[in-house]
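Geometric and topological summary
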Amino acid sequence: MLNKLSVTLSMLLVASFSMLLNASEVKTIEWTDLMPAEDLAALQAMPEVQHDYSQPSPFDDNYNGDDPAAGQWEQILQSAKVKEEFNNTKVRIPGFIVPLEFDDEQNVTSFFLVPYFGACIHVPPPPPNQIIFVSGAKNLKADMIYSPFWISGTITTQPMSHDLANAAYSLKADLVEEYTY
């Protein structure tokens, strides 16, 4: 009897230790971590956006101006350059959900994870290297999309294209939890 108890206790300790090791393998990252150094430097060097609506905007479809910053913005907003060192890495990243697919009970099953609220819906999408396609979500109700979430799982440099936007990264969700400060 004591021997069985000892074996059971040993198995519990090994399982607990294994879970702790796996938890420590998950790397908490920020959105800027996903940007190659040259993209981040270009973004940080951009002039402040002016909200003078009396002037033509580089973001207008019919813009014909010669603003050099407009070309830089265009380059940054379309960058799909990734950091290969994140490929097949377990990560945890905060963000907002843009639903793409639902199950029969209207739970979100796949979505874009973006760095700020309203991206892809109310404003132009972030660059592809600032969008993550997430699959494998469970029990994520459609009405929960207004809150930020922590998403944990294995990230890859597998791109995904959708009518809403293009993602340079994909992630298979292990855990979706509401963001806490």
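Definitions and cut-offs
Residues numbered from 1 in each chain as written. Predicted model: local features only at pLDDT ≥ 70, side-chain atom pairs only at ≥ 80, totals over all residues. Heavy atoms only, no water. pLDDT = per-residue confidence, 0-100. Contact = heavy atoms within 4.5 Å. Phe/Tyr/Trp six-rings, centres within 6.5 Å; stacked < 30°, edge-to-face > 60°. Helix = DSSP H or I, 4+ residues; strand = E, 2+ residues; numbered from the N terminus. Buried < 20%, exposed > 50% of the residue type's maximum accessible area, 1.4 Å probe, protein only. Core = buried A, V, L, I, M, F, W, Y, C linked by side-chain atoms within 4.5 Å. Arc of directions from axis to C-beta. Pairing = 2+ DSSP bridges.

You'll find the protein entered in an unreviewed UniProt entry as DUF3299 domain-containing protein, with Arsukibacterium tuosuense given as the organism.

Turning our attention to the confidence of the model for the protein. Looking at the protein, pLDDT values average 82 and 80% of them are 70 or higher. Here residues 4-21 is modelled with pLDDT under 50, and outside its nearest four sequence neighbours on either side it reaches 0 contacts, counting other chains as well.

For the coordinates displayed, the defined rule picks out 4 aromatic pairs. A centroid spacing of 6.4 Å and a plane angle of 80° characterise the contact between Phe112 and Phe133, whose relative ring orientation is edge-to-face. Taken as a pair, Phe112 in strand 3 (residues 108-114) and Phe133 in strand 4 (residues 132-135) lie far apart in primary sequence, 21 residues in all. Judged by relative accessible area, which is 0%, Phe112 ranks as buried. Using a relative accessible area of 15% as the deciding quantity, one classes Phe133 as buried. With 5.1 Å between their ring centres and 25° between their planes, Trp150 and Tyr179 make a pair best called stacked. Within this pair, whereas Trp150 is found in strand 5 (residues 149-156), its partner Tyr179 is found in the segment after strand 8 (169-178), the two being separated by 29 residues in sequence. Using a relative accessible area of 10% as the deciding quantity, one classes Trp150 as buried.

Okay, the nonpolar core next. The biggest cluster of nonpolar side chains holds 22 residues, and the ones touching the most others in it are Leu34, Phe111, Leu113 and Ile132. Of all elements in the fold, only strand 2 (89-102), strand 3, strand 4, strand 5 and strand 8 reach the threshold of two or more residues within this core. Core analysis: the next-biggest nonpolar cluster, separate from the first, contains 11 residues, Phe96, Val98, Val114 and Ala165 among them.

Quick look at helix 3 (residues 68-77) now. Taken as a whole, helix 3 has its buried residues at Ala69, Ala70, Trp73 and Ile76. Along helix 3, the residues classed as buried sweep out an arc of 125° about the axis, all on the same side. When the buried face of helix 3 is taken as reference, the exposed residues oriented beyond 90 degrees from it are Pro68 and Gln75. On its buried face, helix 3 sits against helix 2 (37-44).

On to the pairing of strand 4. Across 4 bridges, strand 3 lies against strand 4 in antiparallel orientation. Bridge pairing in strand 4 places Leu113 opposite Ile132. Pairing of strand 4 with strand 8, which is carried by 4 bridges, proceeds in the parallel orientation. Residue pairing for strand 8: Phe133 is matched across the bridge by Ser170.

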